[in-house]
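# Examination of the molecular architecture
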Amino acid sequence: MKKKSVSTASKEIDSAEIFAALKQLEKERGIPVNVMVDRITQALVAAYKKDKDGFTDNVFVNLTEKELKMYARKQVVEEVENDATEISADLAQRIDPKAQLGDPIDVEVKVQAFGRIAAQTAKQVIIQGIREAERGVVFDSFSSKEHEILTGTVLRIDPNTGDMIVRIGQGTDRTDALLSAGEQVRGESFREGDIIRVYVVEVRRSQRGPQVIVSRTHPGLVKRLFELNVPEIESGEVEVKSIAREAGSRAKLAVWAEDENIDPVGACVGARGARVGAVVDELRGEKMDIVVWSEDPCQFVAAALSPADVISVTLLEGQKACRVIVPDGQLSLAIGKEGQNARLAARLTGYKIDIKPESQADEFEQAE
């Protein structure tokens, strides 16, 4: 952009040279030429205003690959009271012999006549325009990548907070994303320079430019990893209905296939567990329970409590809750360590689950 800032104070401004520079800028930084043309015209009008310290609503710039010219639209009058907006008939007829009193006429403003302060103003506006345009390009680019998995490089780790800055994207289409300590899996350890996969949670606008928020704990990461490893999910033959996850420990996945000939669980597991194994490896050993989703909440709750066997599921009237009876020997398995299995099953199904052993089933029936 040096050529443009210098050219505002030079004797001749080569518009073809400006467009060549803008096309190079578009190629290197992804900023559209038309965006920067708008910025340059704004900069020239701002420079004119700085130089003339007057009215500029009637000033406009025509910038094409063939020419760069600025005009002030003035009204032809008999006696000029405001030379910023008016022009005498004699001067107007030198520009256009047919000009008459009351006619509007475009008077060319010599861009190269701007002073040093005006040129500096133009330069600052253009530089600011580049920054804002770059931010806009980044925001638009990464907004389209929300809820996707991207590969990134760990740039920095804050020793105090544990927050990490991860560079995501490639070439000109890249930016630095925030992987906060709260979005990291407990027990995972990374160093600067490590390559990791992250889930894009949100792209926010801020005064300092777009802020990309990424995560390693979001359930969406599990879903996207299965999409990458299970062709039937990517094609839509198998649908992921819901996910419950305690990052770094265990996750439950409910899947369904409209085609009765497709085994949704088998498709996700893969031959010899290869597909689910790839997901587990990416998540550094996080266990995966894959169950079949059902429209029948009783069947779904029973499946969600896998690997425990379920004798019966009874829905509680007027509540989104149910009572589950399991064999006495399966009670601890159904509840899970520190209640994890029951907790994940409840999140997966959306039902509050009360688990009781078979030996207490009669007592509850009598109480009801």
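Everything that follows concerns the structure shown earlier in this document.
Residues numbered from 1 in each chain as written. Predicted model: local features only at pLDDT ≥ 70, side-chain atom pairs only at ≥ 80, totals over all residues. Heavy atoms only, no water.

### Structural notes on the overall build of the protein
- Counting its regular elements, the protein contains 13 helices and 15 strands.
- Counting across all 368 residues of the protein, residues that qualify as buried make up 40%.
- When contacts within the protein are restricted to residue pairs at least 6 apart in sequence, long-range pairs at least 24 apart make up 58% of them.
- Counting only carbon and sulfur atoms, one obtains 45% of the accessible surface of the protein, whose full area is about 20,900 Å². (Helix = DSSP H or I, 4+ residues; strand = E, 2+ residues; numbered from the N terminus. Buried < 20%, exposed > 50% of the residue type's maximum accessible area, 1.4 Å probe, protein only. Contact = heavy atoms within 4.5 Å. Areas by Shrake-Rupley, 256 points an atom, 1.4 Å probe, with all protein chains shown as cover.)

### Section: the sheet that holds strand 6 (residues 164–170)
- Taken together, the five strands give a closed barrel; going around it, the order is 5-6-7-9-8, and neighbouring strands pair in mixed fashion. Each strand axis lies, on average, 50° off the axis of its neighbour in the sheet, ignoring direction.
- Note that strand 8 (residues 195–204) and strand 9 (residues 211–215) share five bridges and pair antiparallel. Looking at strand 9, one finds that Tyr199 is bridged to Ser215.
- Running over the sheet, helix 6 (residues 219–229) touches strand 5 (149–157), strand 8 and strand 9 and is turned about 125° from strand 8. (Pairing = 2+ DSSP bridges. Axes fitted to C-alpha atoms, helices over the stretch in contact; angles between N-to-C directions.)

### Points about the side chain of Ser242
- Summarising the element assignment, Ser242 is placed in strand 10 (residues 238–246).
- Here the side chain of Ser242 touches Leu348 through a polar contact of 3.1 Å, landing on its backbone oxygen. (Polar contact = N/O pair within 3.5 Å; in protein donor to acceptor, adjacent residues only side chain to side chain.)

### Remarks on the packing of aromatic side chains
- Inspection of the entire model under this criterion finds two aromatic pairs.
- On the basis of an interplanar angle of 25° and a centroid distance of 5.6 Å, the ring pair of Phe60 and Tyr71 is categorised as stacked. Of the two residues, Phe60 is situated in strand 1 (residues 59–63) and Tyr71 in strand 2 (residues 68–77); the sequence distance between them amounts to 11 residues.
- Above the ring of Trp293, the side-chain terminus of Lys241 is found at 4.5 Å from the ring centroid.
- The aromatic ring of Tyr351 is capped on one face by Lys320, whose charged end is 5.4 Å from the ring centroid. (Phe/Tyr/Trp six-rings, centres within 6.5 Å; stacked < 30°, edge-to-face > 60°. Lys NZ or Arg CZ within 6 Å of the ring centre and 35° of its normal.)

### Here we look at the sheet that holds strand 13 (residues 312–315)
- Pairing is mixed in the open sheet, where three strands are placed in the order 13-14-15. The open sheet is flanked by strand 13 and strand 15 (352–357), the only strands paired with a single partner. Between one strand axis and the next, the sheet turns by 20° as a mean value, whatever way the strands run.
- In terms of strand pairing, strand 13 meets strand 14 (residues 321–326) through four bridges, oriented antiparallel. By the bridge assignment, Ser312 is partnered in strand 14 with Ile325.

### Describing the packing of helix 10 (residues 297–304) against helix 12 (residues 340–349)
- The interhelical angle for the contact between helix 10 and helix 12, taken along N-to-C directions, is 145°, at an axis separation of 9 Å. You can see that helix 10 and helix 12 cross each other, and the crossing is right-handed. Facing Phe300, Val301 and Ala304 of helix 10, the residues of helix 12 in contact are Ala345, Leu348 and Thr349. (Left-handed = near helix turned anticlockwise from the far one by under 90°.)

### Things to note about a negative patch on the surface
- Together, Glu237, Glu258, Asp259 and Glu260 make up a negatively charged patch on the protein surface.
- Along the chain, the position of Asp259 falls in the loop between strand 11 (250–257) and helix 8 (264–269).
- Under the relative-accessibility criterion, Asp259 is labelled partly exposed at 36%. (Patch = residues over 30% accessible without salt bridge, like charges linked within 9 Å, V, L, I, M, F, W, Y side chains within 5 Å. Salt bridge = Lys/Arg side-chain N within 4 Å of Asp/Glu carboxyl O. Lys, Arg positive; Asp, Glu negative; His and termini not counted. Charge placed at Lys NZ, Arg CZ, Asp CG, Glu CD.)

### Let's talk about the nonpolar core
- Within the largest apolar cluster, 24 residues are counted, with the highest numbers of intra-cluster contacts made by Phe226, Val238, Val255, Met288 and Ile290.
- Only helix 6, strand 10, strand 11, helix 8, helix 9 (274–282) and strand 12 (287–292) provide two or more residues apiece to this core.
- Aside from chain neighbours lying at most four places away, what touches Val238 is Glu232, Ile233, Val255, Trp256, Ala257, Ile262, Pro264, Ala267 and Cys268. (Core = buried A, V, L, I, M, F, W, Y, C linked by side-chain atoms within 4.5 Å.)

### Quick word on unusual backbone geometry
- Of the consecutive residues Ser306 and Pro307, the connecting peptide bond is found in the cis state with omega at 15°.
- Position of Pro307 relative to the elements: it lies in the loop between helix 10 and strand 13.
- Positive phi outside glycine occurs at Arg284, with the angle close to 55°.
- If you trace the backbone, Arg284 turns up in the loop between helix 9 and strand 12.
- Under the relative-accessibility criterion, Arg284 is labelled partly exposed at 47%.
- At Glu338, a residue that is not glycine, the phi angle is positive and equals roughly 55°.
- Summarising the element assignment, Glu338 is placed in the loop between helix 11 (331–335) and helix 12.

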